[in-house]
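Geometric and topological summary
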Amino acid sequence: MKQQLTFENFIKQSVCPYQCIEACESELLRNGFLPLSLSKPWKLEPGMSYYVNAYQTALFSFHIPKISDSSKLNFRIAAAHTDYPCFRIKPKAEIREQSYLKLNVEAYGGAVLASWIDRPLSIAGKVVLKSEHPFQPDVRIWNYGQPLLTIPGLAIHMNHQINKGVEYNKQTELLPLFGMLTDEMNKDDYFLSFLARNLHTTEDQILDFDLYVYNVEEPTFLGASKEFFSSPRLDNQTSVFACLNGILSCKGQTPEHVIPFIALYDNEEVGSRSKQGADSMLTTYVMRKIWKGLSLPETGFEEGLFNSFLVSLDVAHAYHPNFVSKSDPCLKPELSKGVVLKYDSTQRYAYDVSAMGTIKQILLANHIPYQSFVNRSDVPGGSTLGAISSSWLPIPAIDMGVGLLSMHSCRELMGTEDQTALNRFVTCYFSEPSSI
């Protein structure tokens, strides 16, 4: 196998879901995976590897094994999400205050808003231009790629209570500063004009855009022994990268009747309810297209489905040494101590005790360190796509991931060794011999 993309470089490239999928697609192509289209018939061959880009912010990829007995065929799924809490630019982006030029943005997902203050920020996403046919617009995936914006904070002299906590108004106090008005600028379309210049087109050609404001700071290693990794977008690029690494690493090493399958979804941070999110029939349709593309009897699909397995990969809360009361008194997962298995009796995380037994045996057999997480009984926790996915795919499923501090901050912190552990787990999970 060719040398793979490093996690650090993957983070740098994956500045929003569009660029995340571009980075995954590029790596899959480089390693011999063949592209498929959702809207065209598939003819699949044993021993080959494929992927399908779904709406440019989601992706599925899989290997086709040797199939001597289709009644034993099943899917082994690892899922993650490509989006993260941030800001998105509204359709009318220009807001002017005297000579200050700002961008009209809205918060996307549950961001720690104060962490975005005084950071160097940039813009990336998708822009749609006019074309010859309205059902085939000219689509540009674009990244400005250098510092452009900032959200300036207020001086303590103007708010002496600022260190006691501030509640920011999302519409008035968190607008990124774009520039200063000059005689050459039109105060009503300065952002659209900027966008047109950078896309080498004219303003009247731009129909719409879906643009993210992202933290342009690069990842870095910290700690006395470089045991910490500080970076934007660890939630959930850690899991996306583990899925990508796993499907690449297990190529040619999977059991005869197992289809290793990764599902990378968008919109988890806002509930997953979209065509490209986990709360849709998209995954089932893709799995059915695989079955049909192999010319297998339609009547066998349900049996293959119910013999399948799902691992939802998303970050977990690590024990915080400065806020010790926020953790369960017995389960305190730490950074650099291994992957984290997630429990929740209300099924906000996918959980099945037999499925958890399967995962623990894989971890133990391959000497992969692991820990467990459960919320304090008096603190409601977050959720992820695991439970949503397993409601559409009623198969054994669990949630797990790497532990983080500063989750949903503009910059998060993880243990350096934990990414290696998660990568190894996904590869071993796909390669584990089948019992069917």
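The text that follows walks through the structure, step by step, so that each part is easy to find.

1. With respect to helix H3 (residues 190-198)
- All buried positions along H3 are accounted for by Tyr-190, Phe-191, Ser-193, Phe-194, Leu-195 and Ala-196.
- In this structure, the buried side of H3 is in contact with strand S5 (86-97), strand S6 (100-108), strand S7 (121-129), strand S8 (138-143), strand S9 (177-180) and strand S10 (206-215).
- At the exit of H3 stands His-200, carrying a positive phi of roughly 55°.

2. A word on the sheet that holds strand S11 (residues 220-222)
- Read across the sheet, five strands follow the order S11-S12-S20-S19-S15 without closing on themselves; strand pairing throughout is mixed. Looking at which strands have only one partner, the edges of the open sheet turn out to be S11 and strand S15 (316-317).
- Summarising the sheet, strand S12 (residues 228-231) and strand S20 (residues 412-415) pair through four bridges and their orientation is antiparallel. The partner of Ser-230 across the bridge, within S20, is Leu-413.
- Strands S12, strand S19 (403-405) and S20 of the sheet are contacted by helix H4 (residues 234-249), whose axis makes an angle of about 40° with S20.
- Here helix H9 (residues 416-431) sits on the sheet and contacts S11, S12 and S20; the angle it forms with S20, its principal contact strand, is near 70°.

3. Focus: the packing of aromatic side chains
- This model, assessed by the stated rule, comprises 27 aromatic pairs.
- Their ring planes at 85° and their centres at 5.2 Å tell us that Phe-178 and Phe-194 sit as a pair that is edge-to-face. Residue Phe-178 is located in strand S9, and its partner Phe-194 is located in helix H3; the two are separated by 16 residues in the primary sequence. As far as burial versus exposure is concerned, Phe-178 and Phe-194 are alike and both buried.
- An aromatic cluster of three or more residues is present, and its members are Trp-42, Tyr-50, Phe-60, Phe-62, Phe-75, Phe-261, Tyr-265, Trp-291 and Phe-301.
- Looking at Lys-275, its charged tip hangs above the ring of Tyr-55, at a distance of 4.8 Å from the centre.
- Here the guanidinium or amino end of Lys-289 rests over the ring plane of Trp-42, the centre of that ring lying 5.0 Å away.

4. Let's talk about unusual backbone geometry
- Look at the link from Asp-235 to Asn-236: it is a cis peptide, with omega at 15°.
- Here Asn-236 shows up in helix H4.
- One non-glycine residue, Gln-98, adopts positive backbone phi at about 55°.
- For Gln-98, the location among the structural elements is in the loop between S5 and S6.
- Look at Gln-98 and you get exposed, because its relative accessible area is 63%.
- One non-glycine residue with positive phi stands out, namely Ser-336, at about 65°.

5. Things to note about the nonpolar core
- One finds Phe-10, Val-311, Leu-313, Ile-359, Met-400, Phe-425 and Tyr-429 to be the most contacted residues of the largest nonpolar core, which totals 52 residues.
- Considering every element that reaches this core, the biggest residue donor is H4, with eight residues.
- Residue contacts for Tyr-429: discarding those within four places in its chain leaves Arg-76, Ile-77, Ala-78, Phe-309, Leu-310, Val-311, Ile-359 and Ile-362.
- Within the second largest apolar cluster, 41 residues are counted, among which are Cys-86, Ala-111, Ile-206 and Tyr-214.

6. Some points on the environment of Leu-222
- Looking at the element boundaries, Leu-222 is found in strand S11.
- According to the relative accessible area criterion, Leu-222 is partly exposed, its value standing at 37%.
- Sequence separation of Leu-222 and Leu-413 is 191 residues, and the distance between their C-alpha atoms is 9.3 Å.

7. Considerations on a nonpolar patch on the surface
- A surface patch of nonpolar side chains, about 310 Å² in accessible area, is lined by Met-281, Tyr-285 and Trp-392.
- Note that Trp-392 resides in helix H8 (residues 385-392).

Each value, and the rule that gives it
Residues numbered from 1 in each chain as written. Predicted model: local features only at pLDDT ≥ 70, side-chain atom pairs only at ≥ 80, totals over all residues. Heavy atoms only, no water. Buried < 20%, exposed > 50% of the residue type's maximum accessible area, 1.4 Å probe, protein only. Helix = DSSP H or I, 4+ residues; strand = E, 2+ residues; numbered from the N terminus. Contact = heavy atoms within 4.5 Å. Pairing = 2+ DSSP bridges. Axes fitted to C-alpha atoms, helices over the stretch in contact; angles between N-to-C directions. Phe/Tyr/Trp six-rings, centres within 6.5 Å; stacked < 30°, edge-to-face > 60°. Lys NZ or Arg CZ within 6 Å of the ring centre and 35° of its normal. Core = buried A, V, L, I, M, F, W, Y, C linked by side-chain atoms within 4.5 Å. Patch = residues over 30% accessible without salt bridge, like charges linked within 9 Å, V, L, I, M, F, W, Y side chains within 5 Å. Areas by Shrake-Rupley, 256 points an atom, 1.4 Å probe, with all protein chains shown as cover. Salt bridge = Lys/Arg side-chain N within 4 Å of Asp/Glu carboxyl O.

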